Amino acid sequence: MKAALCVGHSRVINHSKDGGAIAFNGISEWDFNNALVNHIADKLDAMGIDHMILNAYQGDGYGSAMQWMAEQVDHAGCDIGIEFHFNDADASASGHEVLYCASSTRGARLAGFLNAKLGSTFGTKDRGITPIDSTGRGWAALSLPKAVMCILEPFFGSNESDWNTVAGNVDALAQAIAYGIQDYAQNQP
Ligand SMILES: [Zn+2]
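Rules behind the numbers
- Residues numbered from 1 in each chain as written.
- Predicted model: local features only at pLDDT ≥ 70, side-chain atom pairs only at ≥ 80, totals over all residues.
- Heavy atoms only, no water.
- Helix = DSSP H or I, 4+ residues; strand = E, 2+ residues; numbered from the N terminus.
- Expected span 1.5 Å × (residues − 1).
- Buried < 20%, exposed > 50% of the residue type's maximum accessible area, 1.4 Å probe, protein only.
- Contact = heavy atoms within 4.5 Å.
- 1 Å grid on protein atoms, 1.4 Å probe; cavity = no way out; pocket = protein on both sides within 12 Å on 5 of 7 lines; lining within 4 Å.
- Points joined across faces, edges and corners; volume = space filled by probe spheres on them.
- Nonpolar A, V, L, I, M, F, W, Y, C, P; charged D, E, K, R; others polar.
- Arc of directions from axis to C-beta.
- Polar contact = N/O pair within 3.5 Å; in protein donor to acceptor, adjacent residues only side chain to side chain.
- Phe/Tyr/Trp six-rings, centres within 6.5 Å; stacked < 30°, edge-to-face > 60°.
- Pairing = 2+ DSSP bridges.
- Axes fitted to C-alpha atoms, helices over the stretch in contact; angles between N-to-C directions.

S.K.: Give me helix α6 (residues 170–186): which residues, what numbers.
M.R.: Working note: α-helix, 3.6 residues per turn, so residues spaced by three or four point in the same direction. The end-to-end C-alpha distance of α6 is 24 Å, a good match for the 24 Å that 17 residues give at a rise of 1.5 Å each. Those residues of α6 that sit buried are L173, A174, A176, I177, A178, G180, I181, Q182, D183 and Y184. Of the surrounding elements, those touching the buried residues of α6 are β1 (2–7), α1 (29–47), β5 (80–84), α3 (105–122), β8 (148–153) and α5 (160–167).

S.K.: Could you give an account of the layout of surface pockets, with specific residues and numbers?
M.R.: For the largest pocket, the calculated volume is near 210 Å³. If you go around the largest pocket, you meet 13 residues; those closest to its centre are H9, Y62, E83, H85 and G138. Within the lining of the largest pocket, the residues separate by chemical class into 5 nonpolar, 3 polar and 5 charged.

S.K.: Report on α5, specifying residues and quantitative values.
M.R.: Every buried residue of α5 is accounted for by D162, W163, V166 and A167. Angular distribution of buried residues about the axis of α5 spans 100°; they occupy a single face of the element. On the buried face of α5, the contacting elements are α1, α3 and α6. Regarding α5, its N-cap is N159, as a side-chain oxygen of that residue lies 3.0 Å from the backbone nitrogen of S161 further along.

S.K.: Which residues make up the packing of aromatic side chains, and what values go with them?
M.R.: For any two aromatic rings, the description comes down to two numbers: the centre-to-centre distance and the angle of the planes. Counting across every chain of the model gives 8 aromatic pairs. Summarising the aromatic geometry, the rings of F24 and W163 are spaced 6.3 Å apart at their centres and angled 85° between planes, so their arrangement reads as edge-to-face. Of the two residues, F24 is situated in the loop between β3 (16–17) and α1 and W163 in helix α5; the sequence distance between them amounts to 139 residues. Taking the relative accessible area as the measure of exposure, F24 reaches 39% and is therefore partly exposed. Look at W163 and you get buried, because its relative accessible area is 8%. Aromatic pair F32 and F86: ring centres 6.3 Å apart, planes at 70°, arrangement edge-to-face.

S.K.: Provide a residue-level description of the sheet that holds β8, including the pertinent values.
M.R.: Pairing is mixed in the open sheet, where 6 strands are placed in the order β4-β1-β5-β8-β6-β7. If you trace the sheet from one side to the other, it starts and ends with β4 (50–54) and β7 (126–132), each paired once. In this sheet, neighbouring strand axes are inclined to one another by 20° on average, regardless of whether the strands run parallel or antiparallel. Relative to the sheet, helix α2 (residues 62–75) contacts β1, β4, β5 and β8, its axis offset from that of β4 by approximately 160°. Each of β1, β5 and β8 touches α6; the most contacted strand, β5, lies at about 155° to it.

Worth remembering: the numbers are spatial, not functional.
Structure follows, in structure tokens:
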């Protein structure tokens, strides 16, 4: 089992950072998740699960960046990949959610394990696992790699309580995600 840890929005566009959404406290998706994946890598090392980090996407646009990401994931022989984000909306929205490719039963299984660990670890609002089709946000990241892919939205950066509970406990968040990956690896149908 080899897992790709892919940091969403980790690219530079016309000399400025994409970075993704900015949390209420000014921290971007890129910056938060770039730190998070190193914690997850430590947890996976302890479990003996191989992994690769992608935290600086190449490519001139979103489409080419996703093509680049998919090539890296597949060329490295990754079985699964997770692209890391956080959600962003008005201050009242909260909770965790995992997106997967609508045509992938294995994607649904991986999403289920990850989402369950987020729920049992933090007890924040369960927004569930969400199938994404070709019209949906994140389709390219979910569908281009041969690896089983998920997009993780573990909290809302726009919600201070969500942030304090989840992002403020980065070690527990990394452990929850690593356990979700381990559950998937150990529970093949
Ligand atoms: Zn994002």
